[in-house]
Amino acid sequence: MNTFTRAVAMVAFAATMFISTIAGAETVLLNVSYDPTRELYQELNSSFFTYWKKKTGQKITVKQSHGGSGKQARSVIDGLEADVVTLALAYDIDAVRGKGLIKPGWQKRLPHNSSPYTSTIVFLVRKGNPKNIRDWNDLVRSGVSVITPNPKTSGGARWNYLAAWGYALRQKGGSPAKAEQFVRQLFRNVPVLDSGARGATNTFVQRGLGDVLLAWENEAFLAVNELGKDKFEIITPSVSILAEPPVAVVDKVVDRRGTRAVAEAYLKYLYSPEGQAIAARHYYRPVDRKIAATGSKLPKVKLFTVDEVFGGWEKAQKTHFADGGTFDRVYAR
Amino acid sequence: MFAQKRSHLLPGLKPTLGYTVFYLSLIVLLPLSALMLKAAGLTWQEFVTTVTAPRVIASYRVTFGAALGAAAVNALFGVLVAWVLVRYTFPGKRLIDALIDLPFALPTAVAGITLATVYSSNGWIGQIIEPLGIKVAYTPRGIIVAMIFIGLPFVVRTVQPVLEELETETEEAAACLGASRLQTFTRVLLPTMLPAILTGFALAFARAIGEYGSIIFIAGNMPNISEITPLIIITKLEQFDYAGATAIAVVMLVASFTLLLGINLLQKWSRRSAA
């Protein structure tokens, strides 16, 4: 490097440092979220920017980080400075809580189990529904090929699994043994276990594998809208699970960075009419009844919760997805 | 008598050796010892149960078996490619030479998605071979294909310079002395190339064992059948079971290291026997 380029590099470096110090004067929040919320939070963040600037005059930039829910939780545990976490399931936030980063009882701090929007599990089938798939019991028919990711690596797949289990359990004469039999049969129809929800969507949509994809409702709508209404249809089963992706302020981080007030306001904003309308636009089910009635076009479906049927996430995880759980038994030889 | 310090031809052995050791420790040994330390959170009994669970054992078989197969294929065809690139001139040679390195540069996930697209039942290759009863995507074969893809550059790039150094005169001399073409190849060419082939093989093998990104998209990931060990590690991490994940990682590490050491020794031996 000659003197000139070195000088230029020094100036450039100093300039970046200077700019980042100035940027530090406006508050930056980091929202660590899971994969399919990217578009939702893009819209929400710019809306929150306007809201917060009007209210306090402060400019607030919310940075986003997306990835598999479990992986994101691990990043936060390992030191990613998230002010708020907005993950796919309470279990993952509980893991962060377990490391002392979030205070116990976090799920009671915000309404509706700290889930400002909910979703459910639906079926994506090929146009015309050639295999005539209407409900969960159609998935265990022989000759039906089902695409769902591996519940051990994918948070979304855990909702799929529990939804199927809950359906079987709630049938006449249903029992845990019958439910286990049901999911065993279902997984016999699964030709590929992708590691994540997006991978499974790819397998179904791009590779043309399988007759039905178990998917988050919002992902299913996104897939249909982006990939063509002439190719896929969404089937809503008679009953499904209420998927509650929760949100929480990471206490340790916000207290150290002094961002608690704005981080809490940010999460509360999710519950405001504006936040709820944005969630509805992205095919989540808003918890606000009024917005749900007017802004959301999602079909009515009977929903059960993890707490009702499985006694909470911690327990569900232990019974079904931990090593030696019911999912492992499906594949035990 | 000559007990005084042995002097070296090149000055600066001590600082360079010191630097090498320091650098290796910082870049390789430090993270590895952190890994060992995390696994040490388990008792011996727990460790053994974790790393010998049937599903984990099945995954070793899949991973190491496929990696060996892929490295063998790469050794064979890598030599062929290197040979063609060194010995012949043809239009577009430089382009092909550059293409060899592509698997290095391509993000592995992209490679995996591309391979899955090509080999799935509606893909270019898949729609030809599936009617013949050969399924590649979402079977263990897919794993081998992905490993071959990512390992291709290693053998080519290690054998190529050796072939370039090899003068055609030696072959001519062999021919003059009455060697058949096969004899020339097995007695003259192969011994010279063998150490390089072994290095390439070892590198391709090691790379294949650690590969995750591309395989995951084409493997199907069915437990006991097409589940690779790195996936099991990810699975453990997903359950926040750091100790279990690192335990399996330690097993992979030790196995890979032993294999690499063995290949290194073999290479040394073949170099000596060639000389």
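Cut-off values and rules
Residues numbered from 1 in each chain as written. Chains lettered and ligands numbered in written order. Predicted model: local features only at pLDDT ≥ 70, side-chain atom pairs only at ≥ 80, totals over all residues. Heavy atoms only, no water. Salt bridge = Lys/Arg side-chain N within 4 Å of Asp/Glu carboxyl O. Buried < 20%, exposed > 50% of the residue type's maximum accessible area, 1.4 Å probe, protein only. Helix = DSSP H or I, 4+ residues; strand = E, 2+ residues; numbered from the N terminus. Contact = heavy atoms within 4.5 Å. Buried area = accessible area lost by both parts, 1.4 Å probe. Polar contact = N/O pair within 3.5 Å; in protein donor to acceptor, adjacent residues only side chain to side chain. Axes fitted to C-alpha atoms, helices over the stretch in contact; angles between N-to-C directions. Parallel < 35°, antiparallel > 145°, perpendicular 65-115°, else oblique. Nonpolar A, V, L, I, M, F, W, Y, C, P; charged D, E, K, R; others polar. Phe/Tyr/Trp six-rings, centres within 6.5 Å; stacked < 30°, edge-to-face > 60°. Lys NZ or Arg CZ within 6 Å of the ring centre and 35° of its normal. Pairing = 2+ DSSP bridges. 1 Å grid on protein atoms, 1.4 Å probe; cavity = no way out; pocket = protein on both sides within 12 Å on 5 of 7 lines; lining within 4 Å. Points joined across faces, edges and corners; volume = space filled by probe spheres on them. Core = buried A, V, L, I, M, F, W, Y, C linked by side-chain atoms within 4.5 Å. Patch = residues over 30% accessible without salt bridge, like charges linked within 9 Å, V, L, I, M, F, W, Y side chains within 5 Å. Areas by Shrake-Rupley, 256 points an atom, 1.4 Å probe, with all protein chains shown as cover. Lys, Arg positive; Asp, Glu negative; His and termini not counted. Charge placed at Lys NZ, Arg CZ, Asp CG, Glu CD. Right-handed = clockwise from strand over helix to strand, strands pointing away.

1. Structural notes on the pattern of salt bridges
Pairing between side chains becomes possible if they bear opposite charge and their charged atoms approach one another. Under the criterion given, the structure shown has 25 salt bridges over all chains. Between D251 of chain A and R260 of chain A there is a salt bridge; the shortest N-O distance is 2.8 Å. Residue classification places D251 of chain A among the buried residues on the basis of a relative accessible area of 3%. Two residues, E227 of chain B and R55 of chain B, come together in a salt bridge whose shortest N-O distance is 2.8 Å. Taken together, the residues E227 of chain B in the loop between α11 (215-218) and α12 (229-238) and R55 of chain B in helix α3 (residues 54-87) connect sequence positions 172 residues apart.

2. With respect to the interface of chain A and chain B
Opposite the 31 residues of chain A that make contact, chain B presents 27 residues. Interface area, chain A with chain B, both sides summed: about 2400 Å², of which 49% is carbon and sulfur. Run the count over chain A and chain B and you get three salt bridges. One salt bridge in this structure joins D328 of chain A and R55 of chain B, with 2.8 Å as the shortest N-O distance. Where chain A packs against chain B, one counts ten residue pairs in polar contact (both at pLDDT 80 or more).

3. A look at the packing of helix α4 (residues 90-98) of chain A against helix α15 (residues 313-321) of chain A
Residues and elements named next belong to chain A. At a minimum axis separation of 9 Å, α4 and α15 run at an interaxial angle of 100°. Overall, the two elements α4 and α15 adopt an arrangement that is roughly perpendicular. Taken together, the residues of α15 that come into contact with α4 (itself represented by A90, Y91, D94 and R97) are W313, E314 and Q317. In terms of residue class, the contact of α4 with α15 is built from three nonpolar, one polar and three charged.

4. Description of the environment of Q107 of chain A
All names here are of chain A. With respect to the secondary-structure elements, Q107 resides in the loop between α4 and α5 (111-114). Taking relative accessible area as the criterion, Q107 reaches 23% and is therefore assigned partly exposed. In this structure, the C-alpha to C-alpha distance between Q107 and R158, residues 51 residues apart in sequence, is 20 Å. At 3.3 Å, the side chain of Q107 and the backbone oxygen of N113 are in polar contact.

5. Considerations on the packing of aromatic side chains
Under the counting rule described, the total for this entry stands at 26 aromatic pairs over all chains. Pairing F187 of chain A with F327 of chain A gives two aromatic rings, centres 5.3 Å apart and planes at 70°, and the pair type is edge-to-face. Note that F187 of chain A is positioned in helix α7 (residues 176-188) and F327 of chain A in helix α16 (residues 326-331), a separation of 140 residues in sequence. Its relative accessible area of 0% is what places F327 of chain A among the buried residues. Between F201 of chain B and F205 of chain B the ring centres are 6.4 Å apart and the planes differ by 0°, which places this aromatic pair in the stacked class. You can see F201 of chain B and its partner F205 of chain B sitting in helix α10 (residues 181-210), four residues apart, about one turn around the helix. For the pair shown, F201 of chain B and F205 of chain B are each scored as buried. Among the aromatic side chains, those forming a connected cluster through ring pairs are Y161, W165, F187, F321, F327 and Y331 of chain A. Between R126 of chain A and the ring centre of F204 of chain A, over which it is positioned, the NZ or CZ distance is 4.0 Å.

6. Details of the sheet that holds strand β3 (residues 84-86) of chain A
Residue and element names in this part refer to chain A. Across the sheet, which stays open at both edges, the four strands sit in the order β2-β1-β3-β9 with mixed pairing between neighbours. Where the open sheet ends on each side, the last strands, each with one partner, are β2 (60-65) and β9 (247-249). Across this sheet, the average inter-strand angle for adjacent strands is 20°, counted without regard to direction. With three bridges connecting them, β3 and β9 associate as antiparallel partners. Residue pairing across strands places T86 opposite V247, the latter belonging to β9. Where helix α11 (residues 260-269) meets the sheet, its contacts fall on β1 (27-33), β2, β3 and β9, and the angle it forms with β9 comes to roughly 170°.

7. Details of the layout of surface pockets
Of the pockets and cavities examined, the largest pocket occupies roughly 660 Å³. In terms of lining residues, the largest pocket is bounded by 29 residues, among which D35, G68, S195, G196 and A197 of chain A are the most central. Contributing elements (two or more residues each) for the lining of the largest pocket: α3 (69-77), α6 (155-169) and α8 (197-205) of chain A together with α6 (108-119), α11 and α12 of chain B. The space that makes up the second largest pocket amounts to roughly 510 Å³. Those elements that provide at least two residues to the lining of the second largest pocket are β10 (285-286) and α13 (289-295) of chain A. Residues of the lining of the second largest pocket, tallied by class, amount to nine nonpolar, three polar and four charged.

8. Here we look at the nonpolar core
V85, W136 and W313 of chain A are the most contacted members of the largest nonpolar core, which totals 170 residues. Here the element with the most residues in this core is α3 of chain B; it accounts for 13 residues. Once you skip the residues sitting within four places of it in the chain, V85 of chain A turns out to touch N31, V32, V76, I93, I102, P246, V247, A248 and V250 of chain A.

9. Remarks on a negative patch on the surface
Residue and element names in this part refer to chain B. Taken together, the side chains of E164, E165, E167, E169 and E172 present a region of like negative charge at the surface. Every element with two or more residues in the negative patch is listed here: α8 (140-165) and α9 (168-176). Here E167 lies in the loop between α8 and α9. Taking relative accessible area as the criterion, E167 reaches 53% and is therefore assigned exposed.

10. Considering the pairing of strand β8 (residues 239-243) of chain A
Residues and elements named next belong to chain A. When you tally the buried positions in β8, you get five out of five residues, the bulk of the element. Examined bridge by bridge, strand β4 (residues 117-126) and β8 share two bridges and lie antiparallel to one another. The residue bridging S119 from the neighbouring strand is A243, located in β8.

11. Remarks on the pairing of β1 of chain A
All names here are of chain A. Within β1, six of the seven residues are buried, which leaves the element mostly enclosed by the surrounding structure. Relative to β2, β1 is paired through six bridges, and the arrangement is parallel. Across the sheet, residue L29 finds its bridge partner in β2, namely V62. Crossover connection from β1 via helix α2 (residues 38-56) to parallel β2: handedness right-handed. Judged from the three bridges that link them, β1 and β3 form a sheet pairing that is parallel.

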